[in-house]
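Residues per chain, in single letters:
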Amino acid sequence: MAKKSSKTAAKAASRKPAKAATKRPPAVPADGQALRIADALEAIAARLSANAQVASSADSLQRADAFVWHPDGRLSPVPRVSRVEIGLLKGIDRMRDILIENTERFADGLPANNALLWGARGMGKSSLVKAAHASINVDRKQADRLKLIEIHREDIESLPALMDLLRESDFRFIVFCDDLSFDGNDASYKSLKAVLEGGIEGRPENVILYATSNRRHLLSREMIENERSTAINPGEAVEEKVSLSDRFGLWLGFHRCSQDEYLAMVKGYCDHFGIGIAEEELEREALEWSTTRGSRSGRVAWQFTQELAGRLGVRLAGR
């Protein structure tokens, strides 16, 4: 009996430390615990920051008429838009009238089309969008003013998030993307297609999209050839190419200007900014400038005006 009791006591004694060990929490290195706490705090801060950015974006719509969209949810106000007055845009009268009429209908709450401005470089595509926005807002009450939001080409995938933000607003918006095109294996154009037409939610009624491009069809030839080489029906690749541009109801083509139109642009700038120079000398220098550049366009006319104003000591105030 003594032996049994001594063995039982020994077993009990051997089990006690093991039982106590199970109750003790596992040891955690101090550095690892601090790292976990830091990660948790960073996650909380990121969520709070994201919520604050969305709220500030909605509130900031009151502060300005133009904004730049950032894919993290921010709308940065643009106090002073770099634009040309609409009266200085020469040689694009027909496109100007069509776009202004479309924009005015949209601002008044009437049906209007998304617009694709395509064609020759430097012929005032983006300038027309910004000038039309400014002209529509003249004499409008603050609550009725159109808001212009620029989204960069590389941020197109975040377009649905921007639509969600604007959908609940009482303002009306022109969402503008300059120099829009897609190359290589870029699939972000599908986000644009869904927003324009075809998605469940579609484009909000208070949003219209204006885009500029040097291409009439926004997908590159390389993308179409890749699609055609793998498609069961090669014609489907062509349909894919056309379907994106077709979602813009309004196509406005810009073509190279004539010599007379180019000179009219130069003279318009000089008259507007008070650059005094003899007409014959102005024409000669302007034509020489366009020859050295190898092209005639509104951009070339403006660059020549800057050169001439700088040489004559004239400040181009108010642009």
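Cut-offs used in this document
- Residues numbered from 1 in each chain as written.
- Predicted model: local features only at pLDDT ≥ 70, side-chain atom pairs only at ≥ 80, totals over all residues.
- Heavy atoms only, no water.
- Helix = DSSP H or I, 4+ residues; strand = E, 2+ residues; numbered from the N terminus.
- Buried < 20%, exposed > 50% of the residue type's maximum accessible area, 1.4 Å probe, protein only.
- Contact = heavy atoms within 4.5 Å.
- Areas by Shrake-Rupley, 256 points an atom, 1.4 Å probe, with all protein chains shown as cover.
- Expected span 1.5 Å × (residues − 1).
- Pairing = 2+ DSSP bridges.
- Axes fitted to C-alpha atoms, helices over the stretch in contact; angles between N-to-C directions.
- Phe/Tyr/Trp six-rings, centres within 6.5 Å; stacked < 30°, edge-to-face > 60°.
- 1 Å grid on protein atoms, 1.4 Å probe; cavity = no way out; pocket = protein on both sides within 12 Å on 5 of 7 lines; lining within 4 Å.
- Points joined across faces, edges and corners; volume = space filled by probe spheres on them.
- Core = buried A, V, L, I, M, F, W, Y, C linked by side-chain atoms within 4.5 Å.
- Polar contact = N/O pair within 3.5 Å; in protein donor to acceptor, adjacent residues only side chain to side chain.
- Parallel < 35°, antiparallel > 145°, perpendicular 65-115°, else oblique.
- Left-handed = near helix turned anticlockwise from the far one by under 90°.

Here the focus is the overall build of the chain. Per the secondary structure count, the chain includes eleven helices and seven strands. Counting across all 319 residues of the chain, residues that qualify as buried make up 38%. Taking the contacts inside the chain whose residues are at least 6 apart along the sequence as the reference set, 76% of them involve residues at least 24 apart. When the accessible surface of the chain is summed, it comes to about 18,400 Å², and 50% of that surface belongs to carbon and sulfur atoms.

Turning to helix 11 (residues 298-312), a few remarks are in order. The terminal C-alpha atoms of helix 11, which comprises 15 residues, lie 21 Å apart, in line with the 21 Å expected from a rise of 1.5 Å per residue. Among the residues of helix 11, Gly298, Val300, Ala301, Trp302, Phe304, Thr305, Leu308 and Ala309 are the ones counted as buried. One or two residues past the end of helix 11 sits Gly313, with phi positive at roughly 75 degrees.

Attention now moves to the sheet that holds strand 2 (residues 75-77). If you walk across this open sheet you meet the seven strands as 2-1-4-5-6-3-7, and the pairing is mixed. For this open sheet the edge positions go to strand 2 and strand 7 (250-254), each flanked by a neighbour on one side alone. Strand after strand, the sheet turns through a mean of 25 degrees between neighbouring axes, direction not considered. The strands that helix 3 (residues 93-107) touches are strand 3 (115-119), strand 5 (173-177), strand 6 (207-213) and strand 7; relative to strand 7, the one it contacts most, it runs at about 150 degrees. Strands strand 1 (66-69), strand 2, strand 4 (147-150), strand 5 and strand 6 of the sheet are contacted by helix 5 (residues 159-167), whose axis makes an angle of about 165 degrees with strand 5.

On to the packing of aromatic side chains, then. What characterises a pair of aromatic rings is the spacing of the ring centres plus the angle enclosed by the ring planes. Scanning all chains against the criterion turns up three aromatic pairs. Both rings, one in Phe273 and one in Trp302, keep their centres 5.8 Å apart while their planes meet at 50 degrees; by these two values the pair is tilted. Of this pair, Phe273 sits in helix 9 (residues 259-273) while Trp302 sits in helix 11, and the two are 29 residues apart along the sequence. Each of the two residues, Phe273 as well as Trp302, counts as buried. Within the aromatic cluster, the residues linked to one another by ring pairs are Tyr269, Phe273 and Trp302.

It is worth spelling out empty space enclosed by the protein at this point. The final tally for this structure, using the stated rule, is one cavity of 30 Å³ or more. Within this model, the largest cavity holds a volume of roughly 50 Å³. Ile151, Ile156, Val175, Phe176, Cys177, Leu180, Leu192, Leu209, Tyr210, Ala211 and Phe248 are the residues that line the largest cavity. At the level of secondary structure, the elements contributing two or more residues to the lining of the largest cavity comprise strand 5 and strand 6.

Consecutive side chains along a regular strand alternate between the two faces of the sheet. In terms of burial, strand 7 is largely enclosed, as four of its five residues are buried. Relative to strand 7, strand 3 runs parallel, the two sharing five bridges. Note that in strand 7 the partner of Leu116 across the bridge is Trp251.

A few words now on the nonpolar core. Grouped burial of nonpolar side chains is what soluble globular proteins tend to show. Among the nonpolar cores identified, the biggest contains 46 residues, and Leu99, Leu117, Tyr210, Phe254, Tyr262 and Val266 are the most heavily contacted of them. Examining the composition of this core, we find that seven residues originate from one element, helix 9, more than from any other. Ignoring any residue separated from it by four or fewer positions in sequence, one finds Leu117 in contact with Leu99, Lys125, Leu128, Val129, Ala211, Thr212, Ser213, Leu252 and Phe254.

Looking now at the side chain of Thr103. As for its placement among the helices and strands, Thr103 is situated in helix 3. Taking relative accessible area as the criterion, Thr103 reaches 1% and is therefore assigned buried. Looking at Thr103, its side chain comes within polar contact range of the main-chain oxygen of Leu99, at 2.7 Å. Beyond its immediate stretch of four places on either side in the chain, Thr103 contacts Ala132, Ile136, Leu146, Ile174 and Tyr210.

This part covers the packing of helix 9 against helix 10 (residues 279-293). Axis separation between helix 9 and helix 10 bottoms out at 10 Å; the angle between their running directions is 120 degrees. It follows that helix 9 is oblique to helix 10 by the angle criterion. Classified by chirality, the crossing of helix 10 by helix 9 is right-handed. The residues of helix 10 that touch helix 9, namely those facing Gln259, Tyr262, Leu263, Val266, Lys267 and Cys270, are Glu279, Leu282, Glu283, Ala286, Leu287, Trp289 and Ser290.

Right, let's talk about the pairing of strand 1 for a bit. Neither face of strand 1 is open: one carries Ala66 and Val68, the other Phe67 and Trp69, and all of them are buried. Sheet topology note: the strand 1/strand 4 ladder contains three bridges and is parallel. When the bridges of strand 4 are listed, Ala66 appears paired with Leu148. Pairing between strand 1 and strand 2: three bridges, direction antiparallel. Bridge pairing in strand 2 links Phe67 to Pro77. The antiparallel hairpin formed by strand 1 and strand 2 contains five residues in its connecting segment, where Gly73 sits at a positive phi of about 105 degrees.

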